[in-house]
Amino acid sequence: MRLMRRPPLRPHLPPHARALALTLGLGALVPFVGAPAAVAADPKPLRLPVMPARLDADADCTGSSARRATTVPWEQQRLQLTRAWEFSSGSGVTVAVVDTGVSTAAPALKGRVTAVGQAGEDCVGHGSFVAGLVGAAAADGVRFAGVAQRARIVAVRGTDARGAATAASVAAGISAAVKAEAGVIVVSPALEAGSARLTAAVTSAVAHDAVVVAAAVSDPPARSGADQETPAPRDYWPAAQSGVLSVLDVDADGGRPDDALLPRGADLTAPGDGVIGIGPRGSGHFIGSGASFAAAFVAGAAAQVRSSHPELTGKQTAERLVSTAYPDTVPHLDPYAALTAVSAPRSDEAARQGTPDRQAPVALPADAASRPTRRAVLLAAGGGAVMLLVAWAAVVFPRGRARRWRPAGADISPEPGGEV
C-alpha cells in the first residue's frame, strides 16, 4: 500500500554556501563557503573534511579524518536521541545499506558489519558515513553516535566502486539485501529514472516484510555559483515507488537551500544538511549534506522501532514512523514518539479492511494521594454555597413579604378600604 504523500517542502533559506551558526550544545556547527567546519568546546573552529557522494575516475579513495567532533551534533539534539536510546538500541535488527559499500575497518562499526561480495571495501566513504548514522557505536571523548547502536549492518553495493549508480546496480543491491534477510533497507542513490527490474526488487523487499527507506532526491552535486535556479520538482527512484519511505533532508532551521533538488512528494524529513559522521577508516569525523543522510536517520529509527516493537510488520513500522512524526508540510522524524506512542489495538474487522479503529478515550488513573485535597475543596465549596444562600434569603424574604409574595412588576390594585 502506498504511504500518504505530502506536498514537497519548499526551500526558503539562502544557498548552501552561506555561513550559518547552528547550535551544538557546547559548540556550534558552522558551514563556511567551501569549507564546512564544526566548533568544539573551545572557540577555535574545528574543520572537518567533506564526505563526497562519488569520486572522479582519477581521484584517490577517501582516507581517514584527523579531526574528531567532541560536542553533541545538532541533529542528535533535534531528534532527541538521548531520550530515544532509553527505549531502544536497535538490538536484533539488521539494516542493509545500499550504497558505495561499508568499510569493515571503521572502528565505530567494528564487529557488526557483514559484507556482500566486495561491499566491505568503501573507496568513496559515503556508505560508511550512512552506516555510521544508522548505528555507529559511541566512543570515549566523542558524543556522536548512530541512532541504533546495536543494530547489525549488511554492506551492499548499490553503485560502482566510484559511487556511480544505475537502476540495475540499485536493483541488484536491494535484491542482495533481501537475500540477507534485512529488516530495514536504506537506499542512498536517487535516480531520475527507474526500471522494471528496480520496481520488482522493491516489490520483493516489501513482500519480505522489509522497511525500505530511500533518499527523496539525489545528494547535492558540487556547484560553483550561488545563482542557481530552483529545479522543478520531479520523481526520483526508488523513493517514488509505492511502499517506500521517501525522506527529504533539512537543516537545523527545518529549511533547505534555494537551489536544492525537490521531489514531487516525500513522507518524512530528517536532518541532512551539515551533519557529522564517520569515515571509512580511522576514528575521525567528516561532514556531509544530502537526503541520503536524512534517510539514514530514518532507517536507524526504523531499526529502533522494529527492535522495541517486534510485533509490527514492516508496513506497520513505516506507518508508525509517519503517524508519530512532528506535523509539518512534510512531517519531521521523531524517533522518541515513534518508540513511545501508545496505539489502541485494532479490531479484527478493521485489520481485515485496513481501516483504523476509533481509539477509546484515555482515562487518567485515580490518585489516592489527592483524595484529602478533593474532600477539602468539596467542603469549602459547600460552605460557600450555604453562605450565598443565606445572603440571598436575607434580601429576598423582606421584599417578598412587602409585595405579599406577588411577582415583581405585577399590577397591584388596592382593595376597597385597604392600603396598598
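Scroll up a little and you will see the structure.
This structure is a prediction, so every number in the text was calculated from the model and none was measured. (Residues numbered from 1 in each chain as written. Predicted model: local features only at pLDDT ≥ 70, side-chain atom pairs only at ≥ 80, totals over all residues. Heavy atoms only, no water.)

**Thoughts on the overall build of the protein**
In step 1: Looking only at helices and strands, the protein features 10 helices and 13 strands.
In step 2: Per-residue burial over the protein gives 47% buried out of 420 residues.
In step 3: Summarising the internal contacts of the protein: among those between residues at least 6 apart in sequence, 72% fall at separations of at least 24. (Helix = DSSP H or I, 4+ residues; strand = E, 2+ residues; numbered from the N terminus. Buried < 20%, exposed > 50% of the residue type's maximum accessible area, 1.4 Å probe, protein only. Contact = heavy atoms within 4.5 Å.)

**Points about the pairing of strand 7 (residues 152-157)**
In step 1: Judged from the six bridges that link them, strand 5 (residues 94-99) and strand 7 form a sheet pairing that is parallel. Following the sheet pairing, valine 98 is matched in strand 7 by valine 156.
In step 2: Here three bridges tie strand 6 (residues 113-115) to strand 7, and the two strands are oriented parallel to one another. Each residue of the ladder has a partner; that of threonine 114, found in strand 7, is valine 154.
In step 3: In this fold, the crossover linking strand 6 to strand 7 by way of helix 3 (residues 126-135) has left-handed handedness. (Pairing = 2+ DSSP bridges. Right-handed = clockwise from strand over helix to strand, strands pointing away.)

**With respect to helix 3**
In step 1: Summarising burial for helix 3: 10 of the 10 residues are buried, a large majority.
In step 2: Among the residues of helix 3, His126, Gly127, Ser128, Phe129, Val130, Ala131, Gly132, Leu133, Val134 and Gly135 are the ones counted as buried.
In step 3: Buried residues along helix 3 sit against strand 5, strand 7, strand 8 (184-187), strand 12 (275-278), strand 13 (285-288) and helix 6 (291-308).

**Points about the sheet that holds strand 7**
In step 1: With parallel pairing, seven strands are arranged side by side in an open sheet as 6-7-5-8-9-10-11. Two strands bound the open sheet, and with one partner strand each, they are strand 6 and strand 11 (268-271). On average, each strand axis in the sheet is inclined to that of its neighbour by 25 degrees, with strand direction left out of account.
In step 2: Bridging between strand 9 (residues 211-215) and strand 10 (residues 244-250) involves four bridges; their strand directions are parallel. Within the sheet, the bridge partner assigned to valine 213 lies in strand 10 and is leucine 245.
In step 3: Across the sheet, helix 3 touches strand 5, strand 7 and strand 8, and the angle it forms with strand 5 is around 155 degrees. (Axes fitted to C-alpha atoms, helices over the stretch in contact; angles between N-to-C directions.)

**A closer look at the pattern of salt bridges**
In step 1: Applying the stated criterion to the full structure yields four salt bridges.
In step 2: Two residues, arginine 234 and glutamate 192, come together in a salt bridge whose shortest N-O distance is 3.6 Å. Of this pair, arginine 234 sits in the loop between strand 9 and strand 10 while glutamate 192 sits in the loop between strand 8 and helix 5 (196-207); the two residues are 42 residues apart in sequence, bridging distant segments of the chain.
In step 3: Residue class for arginine 234 comes out partly exposed when judged on its relative accessible area of 30%.
In step 4: We classify glutamate 192 as exposed; its relative accessible area is 52%.
In step 5: A salt bridge links arginine 256 to aspartate 249; the shortest N-O distance between them is 3.0 Å.
In step 6: Classification of arginine 256 by relative accessible area gives buried; the value is 3%. (Salt bridge = Lys/Arg side-chain N within 4 Å of Asp/Glu carboxyl O.)

**As for the nonpolar core**
In step 1: One finds Val95, Ile153, Val213, Leu245, Val298 and Leu321 to be the most contacted residues of the largest nonpolar core, which totals 56 residues.
In step 2: Sort the elements by how many residues they give to this core and helix 6 lands first, with 11 residues.
In step 3: Leaving out residues up to four positions away in the same chain, valine 95 has contacts with Val134, Ala151, Arg152, Ile153, Val154, Val184, Val186, Ala299 and Ala303.
In step 4: Formed by 24 residues, the second largest nonpolar core is a distinct cluster that contains Val187, Leu191, Ala210 and Val244. (Core = buried A, V, L, I, M, F, W, Y, C linked by side-chain atoms within 4.5 Å.)

In short, geometric facts, not functional conclusions.
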